Amino acid sequence: MAVTAKQVKQLREKTGAGPLDCKNALVMHDGDIDAAAEFLREKALKDGIKLQGKGRSANEGVIGNYLHFDNRLAVIVEVNCETDFVAATAPFKAFAKDIAMHIANMNPRYVRREDVPADEVAKESSVQLERALGEGKPPHIADKIVAGRMNKWYEDIVLLEQGFIKDDDKTVSQYLQETVAEVGETINIGRFQRFAIGGDS
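Keep in mind the model is a prediction, meaning the values are calculated, not measured. (Residues numbered from 1 in each chain as written. Predicted model: local features only at pLDDT ≥ 70, side-chain atom pairs only at ≥ 80, totals over all residues. Heavy atoms only, no water.)

## Brief notes about the overall build of the chain
The test is simple: Under the DSSP-based scheme used, a helix requires at least four consecutive residues in state H or I and a strand at least two consecutive residues in state E, with every element numbered from the N terminus. The buried label applies to any residue whose accessible area, calculated with a 1.4 Å probe on protein chains only, is under 20% of its type's maximum; exposed applies above 50%, and partly exposed to all values in between. By the convention used here, residues are in contact when the closest approach between their heavy atoms is within 4.5 Å.
Secondary structure assignment for the chain yields eight helices and five strands. Put simply, the chain runs from its N terminus to its C terminus through helices and strands in the order α-α-α-β-β-α-α-α-α-β-β-α-β. Counting over 201 residues, the chain shows a buried share of 37%. Here the analysis covers contacts within the chain between residues at least 6 apart in sequence; of these, 58% occur between residues at least 24 apart.

Okay, here's the thing in structure tokens:
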């Protein structure tokens, strides 16, 4: 079917994808903008995962920061990429800024699941097992319940597993993969620190 320039523009505004990708997606989906947008989102995720999986070094980047309007909450976060060229691009800078804002609001404690200390994981797992058994669940069912509750626990404390604050239909990890696909380089979220007056940091 024929795709109009107006449809391509609408899809570009919705997804941020290039004009040719938008046109091809619209042709594939008979002009359905929502279906084309979902297709492009999934493609971006797949492309991002492929790039991240290449294990390339990411030694450039920026320090993202966020300062709350009342000056009582601030975040700094190290976000790395492969080249200083990408570090200077608008999408990469926007990603770093978004991640700092997300950390300020969602207060994760670790970047990735592997960063959580083993003794902390064991302690939480034990608590959840005792809780499940205390609810009268048989051991084989309790183990499955514990696994589900542990996943939820990780979602609460691990940055990459949290729902992204600006779009909770995706996780921070998915947002990272989309940005990787957009800039064409590996991106890593490194260290972060959250500072709050009179509260946990």
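From this point on, the discussion continues.
## Overview of a nonpolar patch on the surface
Heads up, the condition is: Only residues whose relative accessible area exceeds 30% and that take part in no salt bridge are eligible for patches, with like-charged residues grouped when within 9 Å of each other and nonpolar side chains (Val, Leu, Ile, Met, Phe, Trp, Tyr) grouped when within 5 Å. Residue-level accessible areas treat just the shown protein chains as cover; the underlying method is Shrake-Rupley with a 1.4 Å probe. Salt bridges, as used here, are contacts in which a Lys or Arg side-chain nitrogen is within 4 Å of a carboxyl oxygen on Asp or Glu.
Together, Ile63, Ile76 and Phe195 make up an exposed nonpolar region whose accessible area comes to about 290 Å². Residue placement: Ile63 occurs in strand 1 (residues 60–67). Under the relative-accessibility criterion, Ile63 is labelled exposed at 54%.

## Let's talk about the environment of Ser125
Along the chain, Ser125 falls in helix 6 (residues 118–134). Judged by relative accessible area, Ser125 falls into the partly exposed class, the value being 27%. Considering only alpha carbons, one finds Ser125 and Trp153, 28 residues apart in sequence, at a separation of 9.7 Å. Non-local contacts of Ser125, meaning those with residues more than four positions away in its chain, are made with Val146 and Met150.

## Focus: the pattern of salt bridges
Applying the stated rule across the entire model yields eleven salt bridges. A salt bridge links Glu135 to Arg149; the shortest N-O distance between them is 3.1 Å. With Glu135 in the loop between helix 6 and helix 7 (139–157) and Arg149 in helix 7, the pair connects residues that are 14 residues apart, well separated along the chain. The salt bridge partner of Asp167 is Lys170, with a shortest N-O separation of 3.8 Å. Relative accessible area serves as the criterion here: at 29%, Asp167 is assigned to the partly exposed category. Ionic contacts of the salt-bridge type, sharing partners, join the residues Arg131, Glu135, Lys137 and Arg149 into one network.

## Topic: the side chain of Glu185
Rules: Think of a polar contact as two N or O atoms within 3.5 Å of one another; within protein, one of them needs to be a possible hydrogen donor and the other a possible acceptor, and neighboring residues in sequence only count if both atoms come from side chains.
Turning to its location among the elements, Glu185 is positioned in the loop between helix 8 (172–183) and strand 5 (188–196). Reaching out from Glu185, the side chain makes a polar contact with the backbone nitrogen of Glu82 at a distance of 2.8 Å.

## Brief notes about the nonpolar core
Soluble globular proteins tend to bury their nonpolar side chains together. Stated precisely, the cut-off is as follows: Throughout, nonpolar core names a set of buried Ala, Val, Leu, Ile, Met, Phe, Trp, Tyr and Cys residues whose side chains join them through atoms within 4.5 Å.
If you look at the biggest cluster of nonpolar residues, it comprises 26 residues, and the most contacted ones within it are Val77, Phe95, Ile99, Ile187 and Ile189. Looking at this core, the elements that each hand over two or more residues are strand 2 (73–81), helix 4 (84–87), helix 5 (90–106), helix 8 and strand 5. With seven residues, helix 5 is the single largest residue contributor to this core.

## As for the packing of aromatic side chains
The test is simple: Stacked, tilted and edge-to-face are the three classes applied to pairs of Phe, Tyr and Trp rings, where Trp contributes its six-membered ring and a pair requires centres within 6.5 Å; stacked means planes under 30 degrees apart, edge-to-face means over 60, and tilted covers the rest.
Under the counting rule described, the total for this entry stands at three aromatic pairs. A ring pair is formed by Trp153 and Tyr154, whose centres lie 5.3 Å apart and whose planes are at 55°; its orientation type is tilted. Owing to a relative accessible area of 11%, Trp153 belongs among the buried residues under this scheme. Looking at Tyr154, the relative accessible area reads 9%, which means it is buried. Residues Phe164 and Tyr175 carry aromatic rings whose centres are separated by 4.4 Å and whose planes lie at 20° to one another, so their mutual orientation is stacked. Here Phe164, found in strand 3 (residues 163–164), pairs with Tyr175, found in helix 8; they are eleven residues apart in sequence, far enough to count as distant. For Phe164, a relative accessible area of 4% corresponds to the buried category. Taken together, Phe95, Phe164 and Tyr175 form an aromatic cluster joined through their ring pairs.

## Some details on the pairing of strand 1
Stated precisely, the cut-off is as follows: Here a strand pair is declared whenever DSSP counts at least two bridges between the two strands.
Both strand 1 and strand 2 contribute to a ladder of eight bridges, which runs antiparallel. By the bridge assignment, Asn65 is partnered in strand 2 with Ile76. Between the end of strand 1 and the start of strand 2, which pair antiparallel, lie five residues, with Asn71 showing a positive phi angle near 60°.

## Focus: the packing of helix 6 against helix 7
For clarity, the threshold we go by: Structural elements are reduced to axes, namely lines fitted to C-alpha atoms, with helices fitted over the stretch in contact, and the angle between N-to-C directions of any two is expressed from 0 to 180 degrees. By definition in this entry, angles of less than 35 degrees are roughly parallel, angles greater than 145 are roughly antiparallel, angles of 65 to 115 are roughly perpendicular, and the rest are oblique. Helix crossings fall into two classes, left-handed where the near helix is turned counterclockwise from the far one by less than a right angle and right-handed where it is turned clockwise. In this count, Pro and Cys sit with the nonpolar residues alongside Ala, Val, Leu, Ile, Met, Phe, Trp and Tyr, while Asp, Glu, Lys and Arg are called charged and the others, Gly among them, polar.
Here helix 6 crosses helix 7 at 135°, and the two axes come no closer than 9 Å. With respect to helix 7, the element helix 6 is oriented oblique. Crossing geometry of helix 6 relative to helix 7 is assigned as right-handed. Across from Glu120, Val121, Glu124, Ser125, Gln128, Leu129, Arg131, Ala132 and Leu133 in helix 6, the residues of helix 7 making contact are Pro139, Ala142, Asp143, Ile145, Val146, Arg149, Met150, Trp153, Tyr154 and Ile157. Of the residues belonging to the contact of helix 6 with helix 7, the class tally is twelve nonpolar, two polar and five charged.

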